[in-house]
Amino acid sequence: MMPKAQIMKELVPVTARGEATRRKLLVAAEEEFGGKGFHAASVSSITSRAGVGQGTFYLYFHSKEEIFVTLVRDIGRKLRKQMLSAAGAAVDRLEAERFSLQGFLEFTQKHPGLYRIVQEAQFVDEPVFREYYERLAKGYSEGLSEAVRRNEIAPGDRSEERRVGKECRSRW
């Protein structure tokens, strides 16, 4: 069965002001979920932290679950973008690894609730939890494949890659 947050039509702001309010709600949600956890955070605590009325929340999100799912996806997208951007100036794969790791560490420093939020996604919306890690792994795998194509690294043993992938899928 699909989680409720994925069944309902996404509420999309039509103005720049609306998008700014939606962004304020997401920032507040990140602080609330990251600090208190999903179950202890509330729509009321999110709206209070964002400085908007509780009714305003429902102009942008149907539920606490929906803002949580949106937040997990948003965090994942921003993390991947920062890592890719950081690696973009690299001259080879080894340097790309260092730059990407630096981008990752900078991101986690700016988003201290990241791990709590992502780990709680396993229990709030398991497909979104899986999606977060699968997208991260896919980008990494594509980068390694490109480095192999450019002869910067040797191809790895694909049987080990399949074994690790199977093990990860069985845990999820």
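Above this text you will find the structure in question.
**Examining the overall build of the protein**
Consideration 1: When you go through the protein residue by residue, the secondary structure sums to nine helices and zero strands.
Consideration 2: What you see in the protein, going N to C, is helices and strands ordered as α-α-α-α-α-α-α-α-α.
Consideration 3: Looking at the protein as a whole, 37% of its 172 residues qualify as buried.
Consideration 4: Intrachain contacts of the protein at a sequence separation of at least 6 include 62% that bridge at least 24 residues.
Consideration 5: Accessible surface for the protein amounts to roughly 10,700 Å². Of this, 56% is attributable to carbon and sulfur atoms.

**Brief notes about the nonpolar core**
Consideration 1: Among the nonpolar cores identified, the biggest contains 31 residues, and L25, F33 and I67 are the most heavily contacted of them.
Consideration 2: Apart from the residues within four sequence positions on either side, I67 is in contact with L25, L26, A29, F33, I46, F57 and F61.

**Some remarks on the packing of aromatic side chains**
Consideration 1: A complete count under the given rule lists seven aromatic pairs for this structure.
Consideration 2: For the ring pair F38 and F68, a centre distance of 5.1 Å and an interplane angle of 70 degrees mean the geometry is edge-to-face. Here F38 is found in the loop between α2 (16-36) and α3 (43-50), whereas its partner F68 is found in helix α5 (residues 64-87), with 30 residues between them in sequence.
Consideration 3: Taking the relative accessible area as the measure of exposure, F38 reaches 5% and is therefore buried.
Consideration 4: Judged by its relative accessible area of 1%, F68 falls in the buried class.

**Overview of the pattern of salt bridges**
Consideration 1: Tallied over the entire structure, the rule returns 15 salt bridges.
Consideration 2: Of the charged contacts, one joins K36 and E32 as a salt bridge, the two residues approaching to 2.8 Å between their closest N and O atoms. In this pair, K36 and E32 are both assigned in helix α2, four residues apart and thus about one turn of the helix distant.
Consideration 3: The exposure class assigned to K36 is partly exposed, which follows from its relative accessible area of 39%.
Consideration 4: Among the ionic contacts, a cluster of salt bridges with common partners joins R23, D74, R77 and K78.

The rules behind the values
Residues numbered from 1 in each chain as written. Predicted model: local features only at pLDDT ≥ 70, side-chain atom pairs only at ≥ 80, totals over all residues. Heavy atoms only, no water. Helix = DSSP H or I, 4+ residues; strand = E, 2+ residues; numbered from the N terminus. Buried < 20%, exposed > 50% of the residue type's maximum accessible area, 1.4 Å probe, protein only. Contact = heavy atoms within 4.5 Å. Areas by Shrake-Rupley, 256 points an atom, 1.4 Å probe, with all protein chains shown as cover. Core = buried A, V, L, I, M, F, W, Y, C linked by side-chain atoms within 4.5 Å. Phe/Tyr/Trp six-rings, centres within 6.5 Å; stacked < 30°, edge-to-face > 60°. Salt bridge = Lys/Arg side-chain N within 4 Å of Asp/Glu carboxyl O.

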